[in-house]
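Analysis of the macromolecular model
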Amino acid sequence: MTATHIADANAHVHSNSHEHDAGHHGPMKGWRRWAYATNHKDIGTMYLIFSLVMFLTGGLMAMLIRAELLRPGIQLLDPAKFNSMTTMHALIMVFGAVMPAFTGLANWMIPMQVGAPDMALPRMNNFSFWLLPFAFTLLLLTLVVPGGSPAGGWTLYPPLVLQTGDSFPMAVFAIHLMGASSIMGAINVIVTIMNMRAPGMSLLKMPLFVWTWLITAYLLIAVMPVLAGAVTMLLTDHYFGTTFFNAAGGGDPVMFQHIFWFFGHPEVYIMILPAFGVVSEVIPTFSRKPLFGYDAMVYATASIAFLSFIVWAHHMFTTGMPLIGEMFFMMSTMLIAIPTGVKVFNWTATMWKGSISFEPPMLFALSFVFLFTIGGFSGLMLAMAPADFQYHDTYFVVAHFHYVLVPGAIFGIMAAVYYWLPKWCGHMYNMTLAKTHFWLSTIFVNVLFFPQHFLGLAGMPRRIPDYNTQFADWNFVSSIGGFCFGATQLLFVYLIWSTVRSGPKATDKVWDSAAPIGLEWTLPSPAPYHSFEEAPEIK
């Protein structure tokens, strides 16, 4: 019997433990079940549905951006509306799509994988979810406020963002709500993992997904208050006469960049580390081998998290920092390539001589490894300060971070959904449609983003709705790739819907995978155990 078998059995025993609320007699049904949900599976489902809705919303904004860039000239969006769209697209995708999706996966899987009956703080879990719909309603309402949404990009740089109209405080309040939700979710994950593991499961026996989320949770608690402080200072500059970032009053707009990127760079790893965890479970399962170098993977993840705090100013090489500063941030950024390379090597070594089957989760994991590596290589190019003077604020940077976040984070989420969905709902998806979704997504994500490397190297600046005709051909190709990639995700929505509603019954095969780190648990007796001496031995 595997660790996952036992953990899931434990979770099922308690699956209805919170369906009776203190103020409501009898099991809750209909909207009450979701409004008052404290069961980790219900909350995980709500996070995932919310994330999918935000993914489609943010994707629609990306389609508008690509429609404007389809050909030179102003077609649909003037410069202010174009920059509003980029701001909204980024905030929605980062805080509304990727992070809630990983939080949903954490809610579903962490209690099962550590053998806990539920998350440690179920009511706070409910509260942290319900902050999100209100936060994003507030953010989306900025679109209809006079003056439109903030137009400072997702980085919200002053002084540009301070020229926004009445929508600015709404956006800041929405960001505060998102941050509060993230911090509460992170606290819940840490307390659950540290206090509620099954007897016998030490830290270095936990599945990799649990490890990556534990490290991610610490990152969230460390950096979300930094973002809150930065946007609050922007707010006081805008309305209360402070001059934190106003040079006329002795402030410094570059200080905002330092504060923002001290949050912003660890945030990039917050969005990718759980995907590392997913891939570290999918590849061993479909290679029929234990993960190669489990301990090294844990230490590499922790190293990446630590290094992410000391590289923030590589986003700022062009601000005129001293040469010694450029050297430090260049070298420390290159250093992150080492633990990341360890992970890629270990995934590859896990597959080496394995009995591989190419099912949808494995296809997305393989695509993740290959395309994320491309994003990593372009990141190394951007890490070189002399070269970055040329690349900075061009479409090369856009191509780089989208290769990390789309075939990286989002493909990681898709791999997780295809891997765990049959376990969640008891139904199997249509294999042919799922593989079609994979191939179309992989082809069109490259058609969408790879030409942007060429545009950036040729000098096309980002954040502009109009451009020189020399960039027309590759922009046209990129936009067509964008429209096709967006349309392909409707197939993903259909697959999820049809699987949950009426897919064929899942067989035992979905539980046949080895324990995520290749460990088998042997129960010494059916009697309950109460100490480490009585706990199941791991062999």
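From a predicted model like this one, the values you see are computed outputs, not experimental measurements. (Residues numbered from 1 in each chain as written. Predicted model: local features only at pLDDT ≥ 70, side-chain atom pairs only at ≥ 80, totals over all residues. Heavy atoms only, no water.)

**So, the packing of helix H9 (residues 294–307) against helix H10 (residues 323–351)**
Two measures define how a pair of helices packs: the angle their axes make with one another and the distance between the axes. Inclusion rule: Between N-to-C directions, angles cover 0 to 180 degrees, with each direction set by a line fitted to C-alpha atoms, over the stretch in contact for helices. Going along the chain from the N terminus, every DSSP run of H or I of four or more residues is numbered as a helix, and every run of E of two or more is numbered as a strand. Our angle categories are set so that under 35 degrees counts as roughly parallel, over 145 as roughly antiparallel, 65 to 115 as roughly perpendicular, and the remainder as oblique. For any pair of crossing helices, the crossing counts as left-handed if the nearer helix is rotated counterclockwise from the farther one by less than a right angle, and right-handed if it is rotated clockwise. In this analysis, two residues are considered to be in contact whenever any of their non-hydrogen atoms come within 4.5 Å of each other. Classification used: nonpolar for Ala, Val, Leu, Ile, Met, Phe, Trp, Tyr, Cys and Pro, charged for Asp, Glu, Lys and Arg, polar for all others including Gly.
Where H9 contacts H10, the axes come no closer than 9 Å and their chain directions differ by 155°. Overall, the two elements H9 and H10 adopt an arrangement that is roughly antiparallel. The way H9 lies across H10 gives a crossing that is left-handed. For the pair H9 and H10, contact is made by Ala296, Met297, Ala300, Thr301, Ser303, Ile304 and Leu307 and by Leu335, Ile336, Pro339, Thr340, Val342, Lys343, Asn346 and Trp347, respectively. Tallied by class, residues from the contact of H9 with H10 come to 10 nonpolar, four polar and one charged.

**Concerning the pattern of salt bridges**
Worth spelling out the cut-off: For this document, the term salt bridge refers to a Lys or Arg side-chain nitrogen within 4 Å of an Asp or Glu carboxyl oxygen. Three exposure classes are used, based on accessible area relative to the maximum for each residue type with a 1.4 Å probe and protein chains only: buried under 20%, partly exposed in between, and exposed over 50%.
Overall, the coordinates contain four salt bridges when judged by the stated rule. Between Arg33 and Asp42 there is a salt bridge, and its shortest N-O distance comes to 2.7 Å. Note on Arg33: relative accessible area 33%, which makes it partly exposed. On the basis of relative accessible area, Asp42 is assigned to the buried category, the value being 7%. Arg463 is paired through a salt bridge with Asp393; the nearest N and O atoms lie 3.2 Å apart. Of this pair, Arg463 sits in the loop between helix H14 (431–457) and helix H15 (472–502) while Asp393 is found in the loop between helix H12 (385–391) and helix H13 (395–425), placing the two residues 70 residues apart along the sequence. On the accessibility criterion, Arg463 (28% relative accessible area) is partly exposed.

**With respect to unusual backbone geometry**
Put simply, Pro158 and Pro159 share a cis peptide bond, and its omega is 0°. With respect to the helices, strands and loops of the structure, Pro159 is situated in the loop between helix H5 (122–141) and helix H6 (167–195). For Asp393, which is not glycine, the phi dihedral falls at a positive 60°.

**Points about H9**
Where we set the bar: Multiplying 1.5 Å by the residue count of a helix minus one yields the expected span of that helix.
Helix length check: H9, at 14 residues, gives a terminal C-alpha distance of 20 Å against a target of 20 Å (1.5 Å per residue), a fit within 8%. Among the residues making up H9, those that are buried are Tyr294, Met297, Val298, Ala300, Thr301, Ile304, Ala305 and Leu307. Buried residues belonging to H9 abut helix H7 (208–239), helix H8 (253–287) and H10.

**Section: the side chain of Thr87**
Note the threshold: Counted as a polar contact is a pair of N or O atoms within 3.5 Å, where, for protein atoms, one must be capable of donating a hydrogen and the other of accepting one, and residues adjacent in sequence contribute only when both atoms are in side chains.
In this structure, Thr87 sits in helix H4 (residues 79–114). Thr87 gets classed as buried once you look at its relative accessible area, which sits at 1%. Engagement of the side chain of Thr87 in a polar contact is seen with the backbone oxygen of Asn83, the distance being 2.8 Å. When sequence neighbours within four positions are dropped, the list of residues in contact with Thr87 reads Pro150, Ala151, Gly152, Gly153, Trp154 and Leu156.

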